[in-house]
Amino acid sequence: NSIKPISLFTLCTIVLLFLGSCKEEKQAPKEQTSQKPNIIVIYLDDLGYGDVGFNGSTELQTPNMDKLASEGLVFTNGYASSATCTPSRYALLTGVYPWREKNAKILPGTAPLIIGTEQMTLPKMLKGAGYHTGIVGKWHLGLGSGQVDWNTTVSPGPNEVGFDHSYIMAATQDRVPTVYIENGTVEGLDPNDPIEINYAENFEGEPTGLDNPEELKMRWHHGHNNSVVNGIPRIGFMKGGKKAQWRDEDMADVFLKEAQDYIKAQKDAPFFLYYALQQPHVPRTPHERFVGKTGLGPRGDVIFEADWCIGELVKILESEGILENTMIVFTSDNGPVLNDGYYDDAVEKNGNHTPWGPFRGGKYSLFEAGTHVPFFTYWKGTIEPGSSSALVCQMDLLTSLATLVGSEVKVEDSEDLLSAFLGESTQGREELVIEASTRTALRKGDWVMIPPYGGQKVSPNVQIELGNSDEFQLYNLKDDIGETQNLAESNPEKLEELITIFERIRGE
Ligand code: NG6
Ligand code: CA
C-alpha cells in the first residue's frame, strides 16, 4: 500500500527530469555548438561611411546594400585597421596590426608578397575547419618573392596563403599590370606578346600619360602619368600582354561573374568567398549602362554599379537555395577620397553628398573618416536585424570566425568578438590602434587620441586633412563626432590614460 505513492512520485520525477533535459538540450546556447555557414566578405575599395543609404546617404542611392543591411546588423563603430588599402587588407587576412609589418604600406604592382606563407590567415584558418576558400577581386598584398615574371606562374600569392581558388588583379586598377590573374596565371596571355613591367622607367616607344595626352580618355591630375592602357594613364610602365589587358568598364561584370561561378561551384561544401570589389577606387570606370545614373559623376556611378553587383550576388545565393546558410560581412578597406589623381568630376559633381558621413578627414587620414567605415553582418535567420555600437575592427574577424566554426586558432591582435558580430552582445573592443600611412592613433571608448605628427595638415593633392598636428589631439566622439574640439589640454588625465595604453599596445 505504502509503495504506490512513492512509485508515482518517482515516476513523476523521472518524467519531469526527462522533460527538463529535453528542454535544456533545445536551449543549448549557440556558442557551445560550432556552426559552418558559408562566409562571404564583401570588401569595397575606398567606400566612405556616408556613401551608403544605410548610413544616411540621401544624395546617392544604394538600394541593394541597404536591403541587406536592413536585414542584418549595422555597426556604427566598425573600423578598417588603416586609412589605405594594403595595410587594411593585411589586417583583415592575418589578424595582425599592419604597423607591426614594415612592408604593409601602399604597394607597387611589382612588390613581393608581404604575408608570410607560414603565417596564419583567415582563409587558412577556415580551410583548416573544412572550408573551400576563394578570392575574387583586388589583391594588393604583393606577389612572388622577388622579381616577378608575369609570363610564368606567379607565386607565391593568394593560393600560397590559404586560398584554394584565386581570380585577382595584382594591385590596384590604376597600377600595372592591368591584367587578371587566375590561380597564378595571367588570363588570356599570348606567349608571343610577353608582359614586361617596370616601375622605374618606361619601355622605349611606349606611350605615357605625360608625353601622349592625345591618347587619353581620362586625364591625370597628380601621379598616374606612366603607361597608357585603354586610354587611361597608370602608375608604372607596362609593355606587351595586349590580349590579356582588361577593359576597365567590364571589370565589375568580370569580378561578379567569377564570384557567382565560384558560389555555384562550391555551394555544396561550406565555402569562404572574399569578394574584393574595385569600386569606387580610381580610375572610376562604370560600365556604359551605369554612366550618368547618379548625377554624381563616375564616382557615384561606380558605387551604384557596385550596389547592383551585390544585388546580383545575393540573387545567386537565393536561387541556389543557400542564402539562409550564408553569413555575409560587408565593409570597406578605407575611407573616401574625391580627387585621387584623375580629373573625373568627383569633386565637381559631388554636390551635397557627404562620403565621409559625420566624420572629419577621409582616405589617408588619422581623423575618423579614414578608418571608420561602413560595416554590417548579415545571416538570415541567425543574426537579428538591428544596429550595434560595439567597437569592432576587420582585424577581429579571424579569431571571431574561428570561434564560430569551432577552430582553435587565435591571433593576438585579433579579438574574439563573435557575440558582437552575431548581435548577441553589445560588447566590442575596449580599444583599437588605427593607422594612416604608418602614423598611428588610439580609439578607446568614445575617446580618440592622436599623437603629434609633423607633415602637412592637408594633403594638397587630395585635399584631405591628414590629422597631423604639433600638439597631442584628444577628442570625445560621443559629444563631438566631427572631432572639432581638441580636449587634450582640458583633460590631461584622460590624455595620459590613452597615451599609456597606446604605448603599451605599440610596445614603446
Ligand atoms: C596612391 C595613388 C592613389 C591610389 C593609392 C592607393 C598617386 C599620386 N596616388 O599612391 O591614386 O592608387 O595610392 O590606394 O599615385 S589604396 O586604396 O589602394 O590604398
Ligand atoms: Ca582602398
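Residues numbered from 1 in each chain as written. Chains lettered and ligands numbered in written order. Predicted model: local features only at pLDDT ≥ 70, side-chain atom pairs only at ≥ 80, totals over all residues.

Stated precisely, the cut-off is as follows: UniProt positions are given in the numbering used here, feature names are shortened, and annotations may be inferred rather than shown by experiment.
The protein chain is annotated in an unreviewed UniProt entry as Arylsulfatase from Flagellimonas algicola. Heading Sequence similarities (unreviewed entry) of the UniProt record for the protein chain holds this comment: "Belongs to the sulfatase family."

1. Here we look at the site of ligand 1
Under the convention used in this document: The C-beta atom of each residue is placed using the backbone, and any residue whose C-beta lies within 6 Å of a molecule or strand is treated as near it. Residue type decides the class: Asp, Glu, Lys and Arg count as charged, Ala, Val, Leu, Ile, Met, Phe, Trp, Tyr, Cys and Pro as nonpolar, and the leftover types, Gly among them, as polar.
Close to ligand 1 lie 17 residues; Thr84, Cys85, Gly223, Asp340 and Gly341 are nearest. Considered class by class, the residues forming the shell around ligand 1 number four nonpolar, nine polar and four charged.

2. Description of the sheet that holds strand β6 (residues 180-182)
In plain terms, the rule: For two strands to count as paired, DSSP must find a minimum of two bridges between them. Numbering goes from the N terminus for both helices and strands, where a helix is a DSSP run of H or I of at least four residues and a strand is a run of E of at least two. Contact between two residues is assigned whenever their backbone-derived C-beta positions fall within 7 Å. Axis lines are fitted through C-alpha atoms, for helices just across the contact stretch, and the angle between N-to-C directions can take any value from 0 to 180 degrees.
Taken together, the 10 strands give an open sheet; going across it, the order is β7-β6-β5-β4-β12-β1-β13-β14-β2-β15, and neighbouring strands pair in mixed fashion. Unpaired on one side and paired on the other, β7 (185-186) and β15 (386-388) mark the two borders of the sheet. Bridge count for strand β2 (residues 73-75) against β15 is three bridges, and the pairing is parallel. From the neighbouring strand, Leu73 faces β15, where its bridge partner is Gly386. Helix-sheet contacts for helix α2 (residues 63-70) involve β2, β13 (326-332) and β14 (375-378), and the interaxial angle to β13 is about 125°.

3. Examining the packing of helix α5 (residues 251-266) against helix α6 (residues 298-319)
Applied cut-off: Comment on the angle field: the value is read as roughly parallel under 35 degrees, roughly antiparallel over 145, roughly perpendicular from 65 to 115, and oblique elsewhere. Here is the rule for handedness: rotate from the far helix to the near one, and if that takes an anticlockwise turn smaller than a right angle the crossing is left-handed, while a clockwise turn gives right-handed.
At a minimum axis separation of 10 Å, α5 and α6 run at an interaxial angle of 15°. Taken together, the axis directions place α5 and α6 in an arrangement best described as roughly parallel. The handedness of the crossing between α5 and α6 comes out as right-handed. Here Ala252, Leu256, Ala259, Gln260, Ile263 and Lys264 of α5 lie close against α6, whose contacting residues are Glu305, Ala306, Cys309, Glu312, Leu313, Ile316 and Leu317. Taken together, the residues that form the contact of α5 with α6 break down as nine nonpolar, one polar and three charged.

4. A look at the nonpolar core
Rule in force here: The term nonpolar core refers to a group of buried residues, namely Ala, Val, Leu, Ile, Met, Phe, Trp, Tyr and Cys, whose C-beta atoms join them within 7 Å. Partly exposed residues are those falling between the two cut-offs: more than 12 but fewer than 20 other C-beta atoms within 10 Å of their own, whereas 20 or more means buried and 12 or fewer means exposed, with C-beta atoms placed from the backbone.
If you look at the biggest cluster of nonpolar residues, it comprises 143 residues, and the most contacted ones within it are Ala259, Leu273, Tyr275, Val392 and Leu401. Among the elements that take part in this core, α6 stands out by supplying nine residues, more than any other. With residues up to four places along the chain from it excluded, the contact list for Ala259 reads Val136, Leu273, Tyr275 and Leu313.

5. Brief notes about the pairing of β14
Across the two faces of β14 the burial is the same, with Phe375 and Thr377 and Phe376 and Tyr378 all buried. Relative to β14, β2 runs antiparallel, the two being bridged by two bridges. Directly across from Leu73, in β14, lies its bridge partner Thr377. Where β13 meets β14, four bridges bridge the pair, whose relative direction is antiparallel. Note that in β14 the partner of Ile328 across the bridge is Tyr378.

6. Considerations on the environment of Gln119
Tracing the backbone shows Gln119 in the loop between α3 (85-94) and α4 (122-128). Judged by the 16 C-beta atoms lying within 10 Å of it, Gln119 falls in the partly exposed class. Expressed as a C-alpha distance, the spacing of Gln119 and Gly162, which sit 43 residues apart in the sequence, is 9.6 Å. Excluding anything up to four places from it in sequence, Gln119 contacts Thr94 and Val161.

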